[in-house]
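Letter by letter, the chains look like this.
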Amino acid sequence: MTNWPRNLLTRVLVPLTWRPFSGRMASRLKYFSVMEADSAWQLLHALEQIDDPPTRALVLQHTLEELHHASEFDRVASQYEASHPPKPLLHRDPILDPLKGEDAAPAFLAHAHVGEKDVFDQFNSYAAGIGDCPARSVFLEAKKDELGHVGLTHKLLLAIVGSPKEADRWIRRARLRRAWESWLRFSRRLGEIPMRVLLTVLYVLGLLGGAWACRQRLDEAPGFVEFESPALP
Ligand SMILES: [Fe+2]
Ligand SMILES: [Fe+2]
């Protein structure tokens with residue numbers, strides 16, 4: 001499974017929609033800041049379940065890097081005036097769920113590995129499309145860290161499951177789950193479109209109907225005489 005359609009779309013659309021509209025760019029950068037902070041929050045929850053000190057140190061370092069990305073995206077976004085506030089995140093539970101027993105850690109690490117790979121591809125596409133501006137250096141710096149996170153999450157997954165074959169199986173499962181979640185988000189957005197179109201049509205019809213009714217009342221009102229301008233000599 002690959003992200004190339006989305007990455008290609010990003011490269012094409014970012015120069016067209018970000019460069020001329022800095023408010024749009026600022027809103028999106030703020031959203032990245034929120035997402036990076038959310039990743040750090042997930043890692044902090046995972047940290048509670050890790051006993052091995054060297055692994056704890058690696059995951060803490062990973063968490064700090066995500067927090068650094070969040071503050072960098074926020075800093076660079078504040079250089080522009082956002083056209084609208086970032087979309088709030090929906091309520092989320094910690095992804096590492098201890099109730100899953102021995103599946104909890106591999107499921108979390110596979111999910112994190114797939115997410116880090118997606119984020120790396122995404123930042124790579126934004127860095128390529130955004131042109132020469134302060135936000136570009138943030139994407140370039142962050143994508144280097146994300147590449148390190150791709151390697152780290154794979155290494156930790158491999159250490160837990162014991163074989164590359166088993167690691168690949170968990171990664172496939174995580175990809176399928178993310179694809180399903182993306183589809184649900186997409187279909188939810190798709191469902192909003194007809195309602196927006198319907199409301200727009202209703203508003204336009206209401207305005208036209210109101211204007212027509214006003215005109216009728218004026219025409220039928222007693223004593224209403226069309227003013228005729230006197231003929232000029
Ligand atoms: Fe990050
Ligand atoms: Fe990351």
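Further up the page is the structure itself.
On a predicted model such as this, the values are computed, not experimentally measured, just so you know.

## A closer look at the overall build of the protein
Link 1 in the chain: Looking only at helices and strands, one finds six helices and zero strands in the protein.
Link 2 in the chain: Counting helices and strands in the order they occur from the N terminus, the protein gives α-α-α-α-α-α.
Link 3 in the chain: Taken against the 2.2 N^0.38 rule, which gives 17 Å for 233 residues, the C-alpha radius of gyration of the protein at 27 Å runs more than 25% over that of a compact globule.
Link 4 in the chain: With respect to the principal axes defined by its C-alpha atoms, the protein has extents near 100 × 40 × 30 Å.
Link 5 in the chain: Taking all 233 residues of the protein together, 27% fall into the buried category.
Link 6 in the chain: For the protein, the proportion of contacts with a sequence separation of at least 24, taken over those separated by at least 6, is 73%.

## Things to note about helix α4 (residues 104–129)
Link 1 in the chain: For α4, which comprises 26 residues, the first-to-last C-alpha distance of 37 Å matches the rise-based estimate of 38 Å (1.5 Å per residue) to within 8%.
Link 2 in the chain: With 19 of 26 residues buried, α4 lies mostly within the body of the structure.
Link 3 in the chain: In the segment just after α4, Gly-131 is the residue with positive phi, at about 80°.

## Quick word on the environment of Ile-130
Link 1 in the chain: Residue placement: Ile-130 occurs in the loop between α4 and α5 (134–161).
Link 2 in the chain: Residues Ile-130 and Leu-140 lie 10 residues apart in sequence; the distance between their C-alpha atoms is 11 Å.
Link 3 in the chain: Aside from chain neighbours lying at most four places away, what touches Ile-130 is Val-14, Trp-18, Ala-135, Arg-136 and Phe-139.

## Thoughts on the environment of Leu-152
Link 1 in the chain: Tracing the backbone shows Leu-152 in helix α5.
Link 2 in the chain: When the 20 C-beta atoms within 10 Å are taken as the criterion, Leu-152 is described as buried.
Link 3 in the chain: Expressed as a C-alpha distance, the spacing of Leu-152 and Leu-58, which sit 94 residues apart in the sequence, is 8.2 Å.
Link 4 in the chain: Not counting the four nearest positions on each side in its chain, Leu-152 is found in contact with Leu-58 and His-62.

## Quick notes on α5
Link 1 in the chain: Relative to the 40 Å expected for 28 residues at 1.5 Å per residue, α5 spans 41 Å between its end C-alpha atoms, a close match to the ideal helical length.
Link 2 in the chain: All buried positions along α5 are accounted for by Ala-135, Val-138, Phe-139, Ala-142, Glu-146, His-149, Val-150, Leu-152, Thr-153, Leu-156 and Leu-157.
Link 3 in the chain: Just past α5, the residue Gly-162 takes up positive phi, approximately 95°.

## What about the nonpolar core?
Link 1 in the chain: Core analysis: the largest hydrophobic core is formed by 22 residues, its most contacted members being Leu-29, Phe-73, Phe-123, Ile-130, Ala-135 and Phe-139.
Link 2 in the chain: Looking at this core, the elements that each hand over two or more residues are α2 (22–47), α3 (53–77), α4 and α5.
Link 3 in the chain: Apart from the residues lying within four places of it in its own chain, the contact partners of Ala-135 are Met-25, Leu-29, Val-76 and Ile-130.
Link 4 in the chain: Membership of the second largest hydrophobic core comes to 17 residues, among which are Val-59, Phe-108, Val-114 and Trp-170.

## A word on the packing of α4 against α5
Link 1 in the chain: Axis separation between α4 and α5 bottoms out at 8 Å; the angle between their running directions is 160°. By the angle between their directions, the pair α4 and α5 is classed as roughly antiparallel. Handedness of the crossing formed by α4 with α5: left-handed.
Link 2 in the chain: Here the contact of α4 with α5 is composed, by residue class, of 19 nonpolar, five polar and five charged.

## Quick look at the environment of Lys-30
Link 1 in the chain: Tracing the chain through its elements places Lys-30 in helix α2.
Link 2 in the chain: Residue classification places Lys-30 among the buried positions, given that 21 C-beta atoms sit within 10 Å.
Link 3 in the chain: Expressed as a C-alpha distance, the spacing of Lys-30 and Leu-60, which sit 30 residues apart in the sequence, is 23 Å.

Calculation criteria
- Residues numbered from 1 in each chain as written.
- Chains lettered and ligands numbered in written order.
- Predicted model: local features only at pLDDT ≥ 70, side-chain atom pairs only at ≥ 80, totals over all residues.
- Helix = DSSP H or I, 4+ residues; strand = E, 2+ residues; numbered from the N terminus.
- Rg over C-alpha atoms; globule rule 2.2 N^0.38 Å.
- Buried ≥ 20, exposed ≤ 12 C-beta atoms within 10 Å, placed from the backbone.
- Contact = placed C-beta atoms within 7 Å.
- Expected span 1.5 Å × (residues − 1).
- Core = buried A, V, L, I, M, F, W, Y, C linked by C-beta atoms within 7 Å.
- Axes fitted to C-alpha atoms, helices over the stretch in contact; angles between N-to-C directions.
- Parallel < 35°, antiparallel > 145°, perpendicular 65-115°, else oblique.
- Left-handed = near helix turned anticlockwise from the far one by under 90°.
- Nonpolar A, V, L, I, M, F, W, Y, C, P; charged D, E, K, R; others polar.

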